[in-house]
Amino acid sequence: MMNCSDIIKILNEQSAESYACDWDNVGLLAGSLKKEIQKVYLALDASDEAVEEAISEGADLLLTHHPLIFKGIKRITEEDMVGRRLMAMIRADLCYYAMHTNFDVMGMAQLAAKKLGIKKAEPLEVTCVKDGVAQGIGRVGELDQEMTVAECCALVKAAFGLEHVKVFGALTKPVRRAAVCPGAGKSEIGFALESGADVYITGDIDHHTGIDAAACGMAVIDAGHYGIEYLFIPYMAEYLRANAPELTVVMQERTEPFQMV
């Protein structure tokens, strides 16, 4: 039998909570450490749909990348989005755990770099040192071969199973040094420029940030916040199945949280 605290120990072996950024809110956000866990439901966000599906599946633990709770809560009611979801989880005795920037530092960026074939990948922003090795947000390194921005877009779409990406910069520009930051990458764009990256692959880039980066000589490929970070779900499913084979692991079906019309 495994309880919630046992699962948390396993999760911390992959991405310890101590590696999360100071502003973040990771760890057990709802439920009891003593709760027996037999089934885990994996999602990127603790959305209404994810909470409902986890409960419908009979899950004991909902594991997400993004935390539902970021700031202090003064009241929990069904009139509030966060309160509504927390009440549903508590009623169902569903534990809820989030591993956000700790996973960004210790897993997400390296996984994304590997999918893109980026060699000699180093952290874009160093946030800590583990066993003498620098770790941090994003990765930067060399693509297998020089290619155009258009060809790099095709590489990104194939790597992450995307139908479309948004691009800032000339499609014919040759690129070799690439930086990647899954999720919202605006805050790391200065590090990408400083690293000498020819192209920056990330998500949630606004108009001015994109055109300014292109003006500085760095192309930007916006693959979407969800588009790259979905890899959290299949990776964690594989990790749990390997390290806690007695668990049943259910993955939320991949569905973009928006529609293009």
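Above this text you will find the structure in question.
Computed from a predicted structure; not experimentally measured.

## Thoughts on the overall build of the protein
Argument step 1. When you go through the protein residue by residue, the secondary structure sums to nine helices and eleven strands.
Argument step 2. Once the C-alpha set of the protein is aligned to its principal axes, its extents read approximately 55 × 45 × 30 Å.
Argument step 3. Looking at the protein as a whole, 51% of its 261 residues qualify as buried.
Argument step 4. Here the analysis covers contacts within the protein between residues at least 6 apart in sequence; of these, 64% occur between residues at least 24 apart.
Argument step 5. Surface exposure of the protein reaches about 12,600 Å², of which carbon and sulfur atoms provide 51%.

## Quick word on the pattern of salt bridges
Argument step 1. Summed over all chains, the structure comprises nine salt bridges.
Argument step 2. Between Lys35 and Asp60 there is a salt bridge, and its shortest N-O distance comes to 3.8 Å. On the criterion of sequence distance, the pair formed by Lys35 in the loop between β1 (27–30) and β2 (39–43) and Asp60 in the loop between α2 (48–56) and β3 (61–64) is long-range, its members being 25 residues apart. Each member of the pair, Lys35 as well as Asp60, is classed as buried.
Argument step 3. For Glu78, the salt bridge goes to Arg91, with nearest N and O atoms at 2.7 Å. Remark: Arg91 occurs in helix α3 (residues 81–91) and Glu78 occurs in the loop between β3 and α3; sequence separation between them is 13 residues.
Argument step 4. By relative accessible area, Glu78 is classed as partly exposed at 42%.
Argument step 5. One network of salt bridges, in which partners are shared, links Lys35, Asp60 and Asp93.

## Observations concerning helix α5 (residues 149–160)
Argument step 1. Spanning twelve residues, α5 covers 16 Å between terminal C-alpha atoms, matching the ideal 16 Å at 1.5 Å per step.
Argument step 2. Positive backbone phi, at 65°, marks Gly161, one or two positions downstream of α5.

## Points about the environment of Lys173
Argument step 1. Position of Lys173 among the secondary structure elements: in the loop between β7 (166–168) and β8 (174–184).
Argument step 2. We classify Lys173 as partly exposed; its relative accessible area is 24%.
Argument step 3. Separated by 150 residues in the primary sequence, Lys173 and Trp23 have C-alpha atoms spaced 37 Å apart.
Argument step 4. Setting aside residues up to four positions removed in sequence, Lys173 forms contacts with Met147, Thr148, Val149, Asp198, Gly217 and Ala219.

## Overview of the nonpolar core
Argument step 1. One finds Leu63, Phe160, Ile201, Phe232, Met236 and Leu247 to be the most contacted residues of the largest nonpolar core, which totals 51 residues.
Argument step 2. Apart from residues lying up to four places away in sequence, Met236 is in contact with Leu11, Leu42, Leu63, Met99 and Phe103.

## Quick notes on unusual backbone geometry
Argument step 1. Phi angles above zero are rare outside glycine, and Asp93 is one such case at about 55°.
Argument step 2. Positionally, Asp93 belongs in the loop between α3 and β4 (95–98).
Argument step 3. Asp93 gets classed as partly exposed once you look at its relative accessible area, which sits at 41%.
Argument step 4. Even without being glycine, Asp204 reaches a positive phi, approximately 60°.
Argument step 5. Take Asp204: it is sitting in the loop between β9 (199–203) and α7 (207–215).

## Some details on the side chain of Thr202
Argument step 1. Tracing the chain through its elements places Thr202 in strand β9.
Argument step 2. The residues contacting Thr202, other than those within four sequence positions of it, are Cys181, Gly183, Ala184, Gly185, Ile221, Asp222, Ala223, Gly224 and Ile228.

Each value, and the rule that gives it
Residues numbered from 1 in each chain as written. Predicted model: local features only at pLDDT ≥ 70, side-chain atom pairs only at ≥ 80, totals over all residues. Heavy atoms only, no water. Helix = DSSP H or I, 4+ residues; strand = E, 2+ residues; numbered from the N terminus. Buried < 20%, exposed > 50% of the residue type's maximum accessible area, 1.4 Å probe, protein only. Contact = heavy atoms within 4.5 Å. Areas by Shrake-Rupley, 256 points an atom, 1.4 Å probe, with all protein chains shown as cover. Salt bridge = Lys/Arg side-chain N within 4 Å of Asp/Glu carboxyl O. Expected span 1.5 Å × (residues − 1). Core = buried A, V, L, I, M, F, W, Y, C linked by side-chain atoms within 4.5 Å.

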